[in-house]
Amino acid sequence: MILVTGATGNIGRELTRALDAKGAKSRLLVRDPARAAGLPERAERVVGDLGQPATLPPAFVGVDKLFLLTQGIGTDYTTAAVAAAEAAGVRHIVHLSSFHVVMDPIPAMGRWHHEREKIIRASGIPVTFLRPGGFMTNALDWLPTIREGNHVLDPVGPGRYAPIDPADIAAVAALALTEEGHQGEEYVLTGDETFTVAEQVRIISETVGRDIEVRQAATPAEAVRFRFPNGAPQALADAITEGFALMRADTVGFRTDTVERLLGRGPRTFADWCARNADAFRRPRPAVGPGA
């Protein structure tokens, strides 16, 4: 039995479908079963929350493999999941980490992931670490300003990166969970094409047939507000600011060939992702009142 955490997110949904296609027996850890609507019916559902350790033991009964995805800052969720996995006799963990942990020095965003990796290693449970770069789905963060003002705020200017489709991360995770030979491996995952934010926005514009303006962020604080309009904890805001600075400085774009090496095909392209998600960007902007 494979237990999938983060099952209703961008990666978890794709992973659940990939495991189902392989005929693997899976169980989804969900806080709200309604959010699992549309996922394969053969996947079991169990209600639990990594933030509430007492809810976890029933979810881990009979589980031998775990896909572990923990969000936010800190290590509490990882500690709870690993304790439950140890108690249940889980034999393999595939953990979603971040490519930031391979940077030198490790930035703040990477240090949280690094500490989580240390907790898993200390358990002695065999592990496969997946360390992706930026996700293509991060472009969905631009929807509020696209809909309201037909623009995207660019915090990284000339910086380039190689975004990866969460479906490719899920495909690698499914491989590691269902085939032998991946325990002890550390896979750094990126797309195959590097982009600036302006180049990504241009592809979105071409896909939906609508010109979208790119505006440079005036300050790091403005860039953080763009990402988290309702505010972010100071530690997270500082980490995001540091991350934007690192991205701005990388005008080449870090990328690997790991996806192609493991899956036997090239990573999915950003243009393909845009085509599959075009409707999200086509939704009309709010109507402008008379005299506006």
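Residues numbered from 1 in each chain as written. Predicted model: local features only at pLDDT ≥ 70, side-chain atom pairs only at ≥ 80, totals over all residues. Heavy atoms only, no water.

A look at the packing of aromatic side chains
Item 1. Overall, the coordinates contain 4 aromatic pairs when judged by the stated rule.
Item 2. For the pair F195 and F270, a centre-to-centre distance of 5.7 Å together with 50° between the ring planes defines the contact as tilted. Here F270 lies in helix 11 (residues 270-276) and F195 lies in the loop between strand 8 (186-189) and helix 7 (197-208), a separation of 75 residues in the sequence.
Item 3. Among the residues examined, F195 registers a relative accessible area of 10% and is labelled buried.
Item 4. F270 gets classed as buried once you look at its relative accessible area, which sits at 0%.
Item 5. Between F270 and W273, the ring centres sit 5.7 Å apart and the planes meet at 15°, which makes this aromatic pair stacked. Placement of the pair is F270 and W273 together in helix 11, with a separation of 3 residues, close to one helical turn.
Item 6. Joined through ring pairs, the aromatic side chains of F195, F270, W273 and F281 make up one cluster. (Phe/Tyr/Trp six-rings, centres within 6.5 Å; stacked < 30°, edge-to-face > 60°. Helix = DSSP H or I, 4+ residues; strand = E, 2+ residues; numbered from the N terminus. Buried < 20%, exposed > 50% of the residue type's maximum accessible area, 1.4 Å probe, protein only.)

A closer look at a negative patch on the surface
Item 1. Together, D192, E193, D257 and E260 make up a negatively charged patch on the protein surface.
Item 2. With respect to the helices, strands and loops of the structure, D257 is situated in the loop between helix 9 (234-249) and helix 10 (258-263). (Patch = residues over 30% accessible without salt bridge, like charges linked within 9 Å, V, L, I, M, F, W, Y side chains within 5 Å. Areas by Shrake-Rupley, 256 points an atom, 1.4 Å probe, with all protein chains shown as cover. Salt bridge = Lys/Arg side-chain N within 4 Å of Asp/Glu carboxyl O. Lys, Arg positive; Asp, Glu negative; His and termini not counted. Charge placed at Lys NZ, Arg CZ, Asp CG, Glu CD.)

Side note on the layout of surface pockets
Item 1. The calculated volume of the second largest pocket comes to roughly 150 Å³.
Item 2. What lines the second largest pocket is simply G9, N10, R13, E14, R17, T137, D165, P166, W273, R276 and N277.
Item 3. Its residues assigned to classes, the lining of the second largest pocket comprises 2 nonpolar, 4 polar and 5 charged. (1 Å grid on protein atoms, 1.4 Å probe; cavity = no way out; pocket = protein on both sides within 12 Å on 5 of 7 lines; lining within 4 Å. Points joined across faces, edges and corners; volume = space filled by probe spheres on them. Nonpolar A, V, L, I, M, F, W, Y, C, P; charged D, E, K, R; others polar.)

Topic: helix 1 (residues 10-21)
Item 1. With 12 residues, helix 1 extends 17 Å from end C-alpha to end C-alpha; this agrees with the ideal 16 Å at 1.5 Å per step.
Item 2. Those residues of helix 1 lying buried are I11, G12, L15, T16 and L19. For helix 1, the buried positions fall inside an angular range of 130° around the axis, keeping them on one side.
Item 3. Close packing links the buried residues of helix 1 with strand 1 (2-4), strand 2 (26-30), strand 4 (65-68), strand 5 (92-96) and helix 6 (166-178).
Item 4. Looking one or two residues beyond helix 1, the residue adopting positive phi is G23, at roughly 75°. (Expected span 1.5 Å × (residues − 1). Arc of directions from axis to C-beta. Contact = heavy atoms within 4.5 Å.)

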